[in-house]
Structures are given as C-alpha cells and as structure tokens.
Amino acid sequence: MNDRVREDTARRLERAMGSLGTAAMARMDERLPWYRALSAEDRSWVGLVAQAGIAAFVEWFQHADEVRPVPSIEIFGTAPRELKRSVSLQQTVDLVRIVVEVVEAKVSELAAPGGEEVLRQAMLRYTRDVAFAAAHVYAREAEVRGAWDARLEALIVDALVRGEVDDGLHSWAAALGWTSSPVVVLAGYAPDADPQTLIDGMRDKGRRLGQDLLAGVQGDRLIVIVGGADSIRDAARHVVPRFGPGPVVIGPEVPDLHAAARSARAATAGLRAAVGWPDAPRPVLAEDLLAERAIDGDEDARQQLVETVYRPLEGTPLLDTLATYLEQGTSLEATARLLFVHPNTVRYRLKKITELTGYLPTEGRSAFTLQVGLILGRLAETGVS
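Residues numbered from 1 in each chain as written. Predicted model: local features only at pLDDT ≥ 70, side-chain atom pairs only at ≥ 80, totals over all residues. Heavy atoms only, no water.

The name recorded for the protein chain in an unreviewed UniProt entry is PucR family transcriptional regulator, from Sphaerisporangium rufum. Quoted verbatim from the Sequence similarities (unreviewed entry) field of the UniProt record, the comment on the protein chain reads "Belongs to the CdaR family." (UniProt positions renumbered as here; feature names shortened; annotations may be inferred.)

Listed below in structure tokens is the structure:
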C-alpha cells in the first residue's frame, strides 16, 4: 500500500469512527447477554472503551510506516476500576471480537481502492496485540486483588486469635466471599515453605472440596480456619498434612465466624499445652487437652473443668467417692474400705460419675483430667483459683 492509499484509508477510518462505535454497541446489545445485563452506567463505560479502542487503532494504523508500537493498554484505563470487576476477561475478549467483526464487515467501505487486504491484516495484528494488552490489565488487577485478599485474610486470622471480633470482621470475610458454617479452627506449626504459597494451596484445596478456608502464619505457628465442613474430622483430613512437624490442635466446632474466636482461643491454648502430653494423637482435640491447658493457666479450660467435673458432683457422695478412688490409685477395694461401702456401690458410683462428667475414672487420661478438675473445684470453693 503506497502512502497515498494509506493516508486516504486513514482519513476514511477517522470519519467512520462514530458510526463504527455505534454499530459495535448495537451488535453487543444484540449478541452479548452479559452486556444487556449491565447497568446503564456500565454499558456507557463499555461503549467508551470500544470507542477508545477504535480511535487507538486509527492512530496506530496511521503510523504503520514506522516501527509499529504495541497498542497502548490505556484504552482499558478509560473505564473505572469497578468495571474491571464487573466485566471478566472472557467478556472483554467478546467485546474486542465484536469490534473486529464490525470493522471487518466494512473493510471494503473503509479502505481506499487497493488497500483492503492491508487494512484487514492490520486489523488482525492490532486485535491480537489488544488481546494481549487486555490480558495484561486483568493479570495486573488479579495480582493487586490477590495481595489485598492476603492482607484481609491475615487481618481476620489475627483478629480471631486475639479475640477482637466486631462487625468489621464480617465485612472483611464477606469481601473474601466467606459464607460457610459451621467453623473450626486448627493450630499447629508452620512448615518450611513459602507462607503465601502454602496458604494459596490450602485455599484452593478447600475450594475444590466446597469449603471456605482462611489461614495465617504467625511466627512459627500456622492457624487455619475451616468453614462448611461436614464434621471436625472432615475439616482436619485435608488440612493437617499441610502443617509442619509437631502437634496439631483442633478447637471446638462453633456455629459461625463470629464465634470462631472461642475455637481459635482453645486451639492456640492447646498448642501451647500440648508439650505436656507427648503421646497425644495428631491431630488432637483441644477438649482432650483440658487438663494440660488448665495447668498451663488457660482460664477457659479451668472454668470448663470446674463446670463439667466438680459442679455435677458437688454436694453428693459421688464427690468423696471420686476423690478417694483417685487418691487410692484407682483401687476399688481400698476405696470401698475407706468409705465403708460395698465394692459394688463404688462401681455404681463410678458409673454415675461417668454419666455426669463424660470421663471414665478407670481410664488413665480421664482419671488425670478428673483429678485436675477436682483440684480446681476445691480451689474455686476457697476463692484461690
């Protein structure tokens, strides 16, 4: 194409810019359901993007005799950030395709005689580069959004661990798409891996399983919040292997994220106290570490033991029976002799103690927990604890 033909074609393109933009908008309204679903304001912004793209092509075409630059991505900067969240990358590709179709349909009218094929090739080159430019814009937006999501996630985990739960927490969680319940918090040690890569991997796994998942690395600790699991066991199955060596403690199940601070408090307290039970299973429930947590100074665990062990037995022969049984090394006969009752009476009382507290006095771990509960109850009675 000689210079004269190119200049003539460029002038024709300039004169047709308005009609091309109008035709592109009409074609989008006809062909793209997502475009019709946009608000009037967003449709207007899309129209500006289309017009900017056509204008940028005309300018680009005019400099074809120079080293052709990559089309400026500023054509996408015409629209506000909110539009980039409303219109996906696939929809942007649809938009570009419509504009190309409209211009290609009018190549014979737009090109000066003898310039049709060159104009058509220029359109193909330009639209290819625009597609790459669009991908660049959306990739950059995704990176920014990913960094923002990571900050929000860290804030939520930190707030729950510190027990600072307010309306802001739910706003942050809603921004991340959190909708699940019930909720379980797990605490353990972080592996030797990049924290963000670790967290992203767990979140992707949770998404595939239909669960919400938030995680945060705090020093050497890894805190994971799981929502929407069918059970505590289900919540732990795919998460526990991601922790580093050492204990993993599961807090109690709570109904929603607002109550998750209680689960987080129990899980982190259990992680601190887990060293007191070297043979604990992995994972271990925070409830199974009540005695160690209480000895370590966890007020929640102390109160729970007093309420579940001491209070149900208080004021009944069961309390003396349990105390004597534990002091006598869980000897049934020695307990019966000291209490002046038949061994079968002791057996009956021990059974009642299990029904009331949930702990089996004849089992080692349960006996230890009952012993700590009795001590804490006596201290509470004297106002010491």
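Moving on, there is more to tell.
In terms of regular secondary structure, the protein chain is built from 18 helices and five strands. In the protein chain, of all internal contacts separated by at least 6 residues, the share reaching a separation of at least 24 is 69%. On the protein chain, roughly 19,400 Å² of surface is accessible, and the fraction owed to carbon and sulfur atoms is 52%. (Helix = DSSP H or I, 4+ residues; strand = E, 2+ residues; numbered from the N terminus. Contact = heavy atoms within 4.5 Å. Areas by Shrake-Rupley, 256 points an atom, 1.4 Å probe, with all protein chains shown as cover.)

Attention now moves to the pattern of salt bridges. Applying the stated criterion to the full structure yields twelve salt bridges. The residue Arg11 makes a salt bridge to Asp8 at a minimum N-O spacing of 3.9 Å. Pair noted here: Arg11 and Asp8 are both in helix α1 (residues 3-31), with a separation of three residues, about one helical turn. Asp8 gets classed as partly exposed once you look at its relative accessible area, which sits at 23%. Residue Asp300 is joined to Arg265 by a salt bridge in which the shortest nitrogen-to-oxygen separation is 2.4 Å. Taken together, the residues Asp300 in helix α14 (residues 299-313) and Arg265 in helix α12 (residues 260-273) connect sequence positions 35 residues apart. A relative accessible area of 34% places Asp300 in the partly exposed class. Residue Arg265 is classed as partly exposed on the basis of its relative accessible area, which comes to 36%. (Salt bridge = Lys/Arg side-chain N within 4 Å of Asp/Glu carboxyl O. Buried < 20%, exposed > 50% of the residue type's maximum accessible area, 1.4 Å probe, protein only.)

A word on the packing of aromatic side chains. Within the structure shown, the criterion is met by one aromatic pair. Look at Trp34 and Tyr35: their rings are 6.3 Å apart centre to centre, the planes differ by 90 degrees, and that puts the pair in the edge-to-face class. On the accessibility criterion, Tyr35 (4% relative accessible area) is buried. Across from the ring centre of Trp277, 3.6 Å away, lies the NZ or CZ of Arg365, which sits over that ring. (Phe/Tyr/Trp six-rings, centres within 6.5 Å; stacked < 30°, edge-to-face > 60°. Lys NZ or Arg CZ within 6 Å of the ring centre and 35° of its normal.)

Moving on, we get to the sheet that holds strand β3 (residues 221-227). Across the sheet, which stays open at both edges, the five strands sit in the order β2-β3-β1-β4-β5 with mixed pairing between neighbours. A strand with exactly one partner marks an edge of an open sheet, and here the two such strands are β2 (212-218) and β5 (284-285). Bridge count for strand β4 (residues 249-250) against β5 is two bridges, and the pairing is parallel. Considered in β5, the bridge of Ile250 is made with Leu285. Against the sheet, α12 contacts β1 (183-189), β3 and β4, and its axis sits at roughly 25 degrees relative to β1. (Pairing = 2+ DSSP bridges. Axes fitted to C-alpha atoms, helices over the stretch in contact; angles between N-to-C directions.)

When the terminal C-alpha atoms of helix α10 (residues 195-208) are compared, their 20 Å separation across 14 residues agrees well with the 20 Å that a helix rising 1.5 Å per residue should span. All of the buried residues along α10 are Leu198, Ile199, Met202, Arg203 and Gly206. Axial view of α10: buried residues confined to an arc of 130 degrees, hence all on one face. In α10, the exposed residues that point more than 90 degrees away from the buried face are Thr197, Arg207 and Arg208. Once α10 finishes, Gly210 follows within two positions and takes phi at roughly 75 degrees, a positive value. (Expected span 1.5 Å × (residues − 1). Arc of directions from axis to C-beta.)

Here we take up the nonpolar core. Among the nonpolar cores identified, the biggest contains 31 residues, and Met28, Phe57 and Leu119 are the most heavily contacted of them. When residues of this core are traced back to their parent elements, those giving at least two are α1, α2 (33-36), α3 (40-62), α6 (89-105), α7 (107-110) and α8 (116-162). Those residues in contact with Phe57 that lie beyond four places of it in its chain are Leu13, Leu119, Ala122, Met123 and Tyr126. Tyr310, Leu322, Leu350 and Leu370 belong to the second-largest nonpolar core, a separate cluster that totals 26 residues. (Core = buried A, V, L, I, M, F, W, Y, C linked by side-chain atoms within 4.5 Å.)

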